[in-house]
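Coordinate inspection notes
Here is what each chain is made of, one letter per residue.
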Amino acid sequence: MSDVVAPVDVSTTSEATPPDPPASSVASTVERVTNVVVLVASAVLLFMVSASISGPPRAVAAVVFVLLVPGWAVSSWWKGLDVASRLAISVGISLAICILAGSAGLVLQLWSPAGTLWVLAPASMLMLGIGNRGRSESTASDEVAEPIWVGEVELARPLQAVAVLAAPTEEQRRALLLVRLHGTPLGFCEVSLGGDGAVDRTLLAMQILEELWEPILAHLALEGRSPQDAQALEWARDQILTGFGAKCTSKAATALVPFTVVMCTRDRPELARLALHRLGQLDYADYEVVLVDNAPSDDATRQAFEDEVGGDERFRYVREPRPGLSRARNRGLSVARHRHVAFTDDDASADPSWLSGLARGFDRDPGVACVTGLVPSAQLDTEAQQYFHDRVWWSSSLEPQLYRRTPSPGDSPLHPYRMGVFGTGANFAVDREVAQSLGGFSELLGAGSPSRGGAEDGDFFVRVLLGDNLLAYEPSAIVWHRARPGREELREQLEEYGRGIPITGLKWLADPAMRADVLRRVPRAFAYYLGLLWNRGYAGESKRAGMALVELKGMLLGPASFVRGVVAERKERVN
């Protein structure tokens with residue numbers, strides 16, 4: 001009997017039947033499609049959950065539906081794993097997705113906006129769940145913090161603590177004092193207030209002597225006054241109490257160039273009125289002030305301008321109808337009469353010698369095209385204000401700096417592409433010709449822009465350095481800042497800051513002249529900002545950790561904001 005099987009005569013078959021595909025291939029395809037569906041469904045479900053719950057349940061929902069589900073879906077691509085192994089792999093994969101989303105998005109954005117959003121989806125959903133956990137907390141947390149009174153001391157005069165904005169209140173038991181000698185800031189002292197809100201002069205003198213003796217001695221040495229060590233402490237204590245005198249020979253003659261001061265505001269007439277009042281008291285010979293009213297909803301700001309300084313020929317009112325801080329600054333730059341243009345905000349109060357400090361910064365080197373200055377906190381009444389004061393370096397840094405395009409010893413490997421390290425938009429001045437040659441301020445960035453990213457000042461400072469100009473940080477140029485008092489206001493500001501970092505990076509990557517240099521720094525930038533956020537919050541108190549998460553949320557949502565901003569810019573150009 002033959003073992004040969006006779007071939008089938010297909011000619012007699014009415015319809016040929018194709019062979020079935022391998023079962024494993026079909027199952028694999030179905031499983032992967034199912035994983036994608038589960039991922040999308042999880043994201044949608046998280047949105048629904050986030051809309052209905054808050055606090056710790058929202059964080060749990062984020063972890064379950066965003067952290068585990070995508071990793072579980074991806075881990076299913078490996079066959080033959082038990083449940084424990086899949087769970088371990090899924091956690092690792094999901095964490096990697098969340099951590100690397102920002103840097104991966106930077107690269108993918110160059111070629112595929114859709115790809116960027118897909119990569120960012122898990123991390124963005126996680127931030128929506130965890131980053132907003134503080135919204136259910138009572139706003140009474142702003143009242144829990146012990147309020148701190150802010151003042152200053154000038155050692156050239158008899159010792160007295162002078163208020164920056166207002167006298168101490170009954171609730172304030174501590175004071176933060178900026179100590180200056182002949183206008184030069186030497187340091188900060190935190191002291192106790194008496195029951196009547198007064199500062200004990202003797203105790204304050206001893207504390208200043210203990211904490212700030214070295215900078216006092218260094219300043220006096222520049223004047224040629226070097227008391228003997230055996231007599232120094234007793235002599236200095238008496239001088240602190242009675243004043244060192246107004247004469248100061250340590251400062252070289254400074255070229256007092258004329259300034260145009262540009263202050264931008266939008267629908268905050270009372271703040272604008274206070275800022276204008278302080279600008280009218282500047283102790284400087286030649287300056288003008290331009291108030292740029294940005295897309296106002298009514299005439300309240302113009303009326304406040306007329307009431308406060310309408311009769312002063314040094315002041316001008318300009319209206320910029322297009323919303324956006326960068327647009328307002330560009331408008332002020334275009335109408336400035338002087339070559340040196342200083343910028344400040346409506347929630348800031350300029351020190352009387354502010355412009356003298358900026359002039360000193362320009363006078364330090366002929367190549368200086370931009371000067372930034374010290375921005376200490378004018379109010380520390382709430383937890384939000386105290387957090388912001390601790391978060392930013394420009395509120396307390398007292399060391400003059402001169403930055404170049406090439407890094408100096410000790411500079412970060414990211415130099416000059418570091419956001420926030422050169423100063424802040426509340427206090428800086430530029431050479432108008434240099435600023436206009438750089439194209440002014442990027443209208444993709446800044447408060448009120450479609451991208452909602454607040455890094456227009458940092459982007460501008462970087463471009464100043466890339467143009468082979470010098471940037472000087474001059475701490476004697478002082479502008480006091482009133483930080484937002486409420487927790488929710490702070491959250492909005494920090495998220496805006498967070499968005500600005502990746503948006504600015506993507507803007508640089510879109511520039512062919514900057515792309516290669518920026519791309520090679522992306523891994524270092526990612527590690528730097530992740531470590532920065534950890535130091536700001538994760539390693540500290542739980543409330544501060546929540547604020548760090550808000551910044552991280554903004555960073556992760558930044559690429560999507562960049563796309564929205566670019567699209568809005570293109571539509572505006574077409575129209």
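Since the structure is predicted, the reported quantities are computational estimates derived from the model, not experimental observations. (Residues numbered from 1 in each chain as written. Predicted model: local features only at pLDDT ≥ 70, side-chain atom pairs only at ≥ 80, totals over all residues. Heavy atoms only, no water.)

1. Looking at the overall build of the protein
Heads up, the rule is: The way it works is that DSSP assigns letters per residue, a run of H or I at least four long becomes a helix, a run of E at least two long becomes a strand, and they are numbered from the N terminus. Residues are treated as being in contact if the distance between any of their heavy atoms lies within 4.5 Å. Accessible areas in this description were obtained via Shrake-Rupley with a 1.4 Å probe; residue shielding takes into account the shown protein chains only.
Looking only at helices and strands, one finds 18 helices and 13 strands in the protein. Counted over contacts in the protein with a minimum sequence separation of 6, partners at least 24 positions apart contribute 77%. Element-wise, carbon and sulfur atoms account for 57% of the exposed surface of the protein, whose accessible area totals about 26900 Å².

2. Some words on the packing of aromatic side chains
For clarity, the threshold we go by: Only the six-membered ring of Trp is used, alongside the rings of Phe and Tyr, when aromatic pairs are assigned; centres must lie within 6.5 Å, and planes under 30 degrees apart are stacked while those over 60 apart are edge-to-face, with the rest tilted. For the exposure calls, accessible area comes from a 1.4 Å probe over protein chains only, and a residue counts as buried if that area is under 20% of its type's maximum, exposed if over 50%, partly exposed in between.
Using the criterion set out here, one finds 13 aromatic pairs in the structure. Measuring from centroid to centroid gives 4.9 Å for Tyr403 and Phe422, while their planes differ by 80°, and the two rings are edge-to-face. Residue Tyr403 is found in strand β11 (residues 401–403), and its partner Phe422 is found in the loop between β11 and β12 (427–431); the two are separated by 19 residues along the sequence. Between the aromatic rings of Phe428 and Phe441, the centroid separation amounts to 6.0 Å while the plane-to-plane angle is 75°, which identifies the pairing as edge-to-face. Within this pair, whereas Phe428 is found in strand β12, its partner Phe441 is found in the loop between α13 (432–437) and α14 (456–466), the two being separated by 13 residues in sequence. Of the two residues examined, Phe428 and Phe441, each falls in the buried class. Of the aromatic side chains, those joined through ring pairs into one cluster are Phe343, Phe428, Phe441, Phe460 and Phe461.

3. So, the pattern of salt bridges
The test is simple: Basic side-chain nitrogens of Lys or Arg form a salt bridge, by our definition, when they fall within 4 Å of a carboxyl oxygen of Asp or Glu.
Scanning the model with the defined rule gives 28 salt bridges in all. Here Arg491 and Glu488 are joined by a salt bridge, their closest N and O atoms 4.0 Å apart. Here Glu488 and Arg491 lie together in helix α15 (residues 487–509), a separation of three residues that amounts to about one turn. Of the charged contacts in the structure, one is a salt bridge between Asp517 and Arg520, with a shortest N-O distance of 2.9 Å. Given a relative accessible area of 21%, Asp517 falls into the partly exposed group.

4. Considering the sheet that holds strand β3 (residues 174–181)
To be explicit about the condition: Here the rule is simple: two strands pair whenever DSSP picks up at least two bridges between them. Between N-to-C directions, angles cover 0 to 180 degrees, with each direction set by a line fitted to C-alpha atoms, over the stretch in contact for helices.
Overall, mixed pairing links the four strands, which are arranged β2-β1-β3-β4 in an open sheet. Only two strands of the sheet have a single partner each, and these edge strands are β2 (162–163) and β4 (184–192). As judged from the two bridges shared by strand β1 (residues 148–154) and β2, these two strands associate in the antiparallel manner. Counterpart to Glu152 in the pairing with β2 is Val162. Its contacts with the sheet place helix α6 (residues 201–222) against β1, β3 and β4, and it is angled at close to 170° to β4.

5. Topic: the pairing of strand β10 (residues 368–374)
Within β10, seven of the seven residues are buried, which leaves the element mostly enclosed by the surrounding structure. Pairing analysis gives six bridges linking β10 to strand β13 (residues 470–481), with the strands arranged parallel. Bridge assignment links Gly373 to a residue of β13, and that residue is Glu474. The pairing of β10 with β12 spans three bridges and is classified as antiparallel. Pairing of Val371 across the sheet is with Ala429, part of β12.

6. Points about the environment of Phe315
Position of Phe315 among the secondary structure elements: in strand β7 (residues 315–320). Residue classification places Phe315 among the buried positions, given a relative accessible area of 6%. Separated by ten residues in sequence, Phe315 and Phe305 have C-alpha atoms that sit 8.9 Å apart. Residue contacts for Phe315: discarding those within four places in its chain leaves Leu276, Leu279, Gly280, Val289, Phe305 and Val309.

7. Examining the packing of α14 against α15
Cut-off, in case you're wondering: Take the far helix as your reference; a near helix turned counterclockwise from it by less than a right angle gives a left-handed crossing, and one turned clockwise gives a right-handed crossing. Each residue gets one of three labels, nonpolar for Ala, Val, Leu, Ile, Met, Phe, Trp, Tyr, Cys and Pro, charged for Asp, Glu, Lys and Arg, and polar for the others, Gly among them.
One can describe the packing of α14 onto α15 by two numbers: an axis separation of 10 Å at closest approach and a directional angle of 35°. Between α14 and α15 lies a crossing whose hand is right-handed. Taken together, the residues of α15 that come into contact with α14 (itself represented by Asp459, Val462 and Arg463) are Thr504, Lys507 and Trp508. Of the residues belonging to the contact of α14 with α15, the class tally is two nonpolar, one polar and three charged.

8. Some words on the packing of α15 against helix α16 (residues 512–519)
As a reminder of what qualifies: The labels follow the angle: roughly parallel below 35 degrees, roughly antiparallel above 145, roughly perpendicular from 65 to 115, and oblique for the rest.
Axis separation between α15 and α16 bottoms out at 7 Å; the angle between their running directions is 120°. For the element pair α15 / α16, the angle class is oblique. Taken together, the residues of α16 that come into contact with α15 (itself represented by Gly505, Trp508 and Leu509) are Met514, Arg515, Val518 and Leu519.

9. Re the nonpolar core
Convention followed: Residues grouped as a nonpolar core are buried Ala, Val, Leu, Ile, Met, Phe, Trp, Tyr and Cys residues, joined through side-chain atoms within 4.5 Å.
Residues Phe343, Phe422 and Val430 are the most contacted members of the largest nonpolar core, which totals 58 residues. It is α14 that provides the largest number of residues to this core, a total of six residues. Excluding residues that lie within four positions of it along the chain, Val430 makes contacts with Leu333, Arg339, His340, Val341, Phe343, Phe362, Ala369, Cys370, Ala435 and Phe460. Formed by 31 residues, the second largest nonpolar core is a distinct cluster that contains Tyr317, Ala348, Leu358 and Ala429.

10. Focus on α14
At 3.6 residues per turn, the α-helix brings residues three or four places apart onto the same side. Counting buried positions along α14 yields eleven of eleven residues, so the element is predominantly enclosed. Looking at α14, one finds that the buried residues are Glu456, Asp457, Gly458, Asp459, Phe460, Phe461, Val462, Arg463, Val464, Leu465 and Leu466. Count one or two residues on from α14 and you reach Asp468, which has phi positive near 65°.

11. Observations concerning the confidence of the model for the protein
Parts of the model with low pLDDT should not have their predicted coordinates read in detail. Defined as follows: Residue-level confidence of the predictor is what pLDDT reports, using numbers from 0 through 100.
Scored by pLDDT, the protein comes out at a mean of 77, with 69% of its residues at no less than 70. Segment residues 1–24 is flagged for pLDDT under 50; beyond a separation of four residues in sequence, or across chains, it makes one contact in the model.

12. Quick look at the environment of Leu398
Within the secondary structure layout, Leu398 lies in the loop between α12 (383–391) and β11. For the pair formed by Leu398 and Glu474, sequence separation is 76 residues and the distance between their alpha carbons is 8.2 Å. If we skip the residues at most four places from it in the chain, Leu398 touches Pro185, Leu186, Gly187, Phe188, Leu374 and Pro475.

13. Overview of unusual backbone geometry
For the bond running from His415 to Pro416, omega is 5°, close enough to zero to count as cis. With respect to the helices and strands, the residue Pro416 is situated in the loop between β11 and β12. Phi is positive for His182, close to 55°, though the residue is something other than glycine. Within the secondary structure layout, His182 lies in the loop between β3 and β4. The buried category is assigned to His182, whose relative accessible area is 9%. Its identity as a non-glycine residue notwithstanding, Ala295 has a phi of 45°, on the positive side. Inspection of the secondary structure puts Ala295 in the loop between β6 (287–294) and α9 (300–309). Look at Ala295 and you get buried, because its relative accessible area is 14%.

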